[in-house]
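Close look at the chain arrangement
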Amino acid sequence: SSEQHSTRDQEVRVLYRFHPLAGQVVPVLRRYPRGPEPYFLIRSPGKISAPIPLWMTEPTAARLGKRSPPRLSREALVGLRHEVNLARSAEAKAEAAMPTRNGARRAKKIGTRRRRA
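Notes on the structure follow. The model shown is predicted, which means the values in this text are computed figures rather than measured ones. (Residues numbered from 1 in each chain as written. Predicted model: local features only at pLDDT ≥ 70, side-chain atom pairs only at ≥ 80, totals over all residues. Heavy atoms only, no water.)

1. Details of the overall build of the protein
In terms of helices and strands, the protein carries one helix and four strands. Looking at the protein as a whole, 17% of its 117 residues are labelled buried. Intrachain contacts of the protein at a sequence separation of at least 6 include 28% that bridge at least 24 residues. Of the accessible surface of the protein, which amounts to about 9900 Å², a share of 53% is contributed by carbon and sulfur atoms. (Helix = DSSP H or I, 4+ residues; strand = E, 2+ residues; numbered from the N terminus. Buried < 20%, exposed > 50% of the residue type's maximum accessible area, 1.4 Å probe, protein only. Contact = heavy atoms within 4.5 Å. Areas by Shrake-Rupley, 256 points an atom, 1.4 Å probe, with all protein chains shown as cover.)

Spelled out as structure tokens, the structure:
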């Protein structure tokens, strides 16, 4: 990583062309690790703090582009989403059936929210 990325209260240009802020210079609030890659916490034009991977501000990011057709079809991705939803639903049902600390079953229905009075 370059010296440019080691200072606080700086600005960086988003060079990854597929990012919504591509080409814009944004203020950096701080740099921090998040998973295996370093990130910047930036202030976007809407005054919202957002993380952005450091690599999206590197000159090599400007040269990245689409190189091959998608490997998965839309139908495969929709099917995967369906399987994930089923797994999450089963997990939520199992959690709802677990007894609470006082031994009672949870009364909350799956997929519903309580309305505020």
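That covers the picture; the talk isn't over yet.
2. Observations regarding the nonpolar core
By size, the foremost hydrophobic cluster in this structure holds twelve residues: Val12, Val14, Tyr16, Leu21, Val26, Val28, Phe40, Ile42, Ile52, Leu54, Met56 and Ala61. Looking at this core, the elements that each hand over two or more residues are β2 (25-34) and β3 (37-43). (Core = buried A, V, L, I, M, F, W, Y, C linked by side-chain atoms within 4.5 Å.)

3. What about a nonpolar patch on the surface?
Side chains of Leu72, Leu77, Leu80 and Val84 sit close together on the surface and give an oily, nonpolar patch of about 350 Å² of accessible area. Considering the arrangement of structural elements, one finds leucine 80 in helix α1 (residues 74-97). (Patch = residues over 30% accessible without salt bridge, like charges linked within 9 Å, V, L, I, M, F, W, Y side chains within 5 Å. Salt bridge = Lys/Arg side-chain N within 4 Å of Asp/Glu carboxyl O.)

4. Description of the packing of aromatic side chains
Overall, the coordinates contain three aromatic pairs when judged by the stated rule. Pairing tyrosine 16 with phenylalanine 18 gives two aromatic rings, centres 5.5 Å apart and planes at 65°, and the pair type is edge-to-face. Looking at tyrosine 16, the relative accessible area reads 19%, which means it is buried. Taking the relative accessible area as the measure of exposure, phenylalanine 18 reaches 41% and is therefore partly exposed. Grouped by ring-pair contacts, the aromatic residues Tyr16, Phe18 and Trp55 constitute a single cluster. (Phe/Tyr/Trp six-rings, centres within 6.5 Å; stacked < 30°, edge-to-face > 60°.)

5. Quick look at the side chain of threonine 57
Position of threonine 57 among the secondary structure elements: in the loop between β4 (49-53) and α1. Residue classification places threonine 57 among the buried positions, given a relative accessible area of 4%.

6. Let's talk about unusual backbone geometry
The phi dihedral of lysine 47 falls on the positive side, at around 65°, and the residue is not glycine. Within the secondary structure layout, lysine 47 lies in the loop between β3 and β4. Using a relative accessible area of 64% as the deciding quantity, one classes lysine 47 as exposed.

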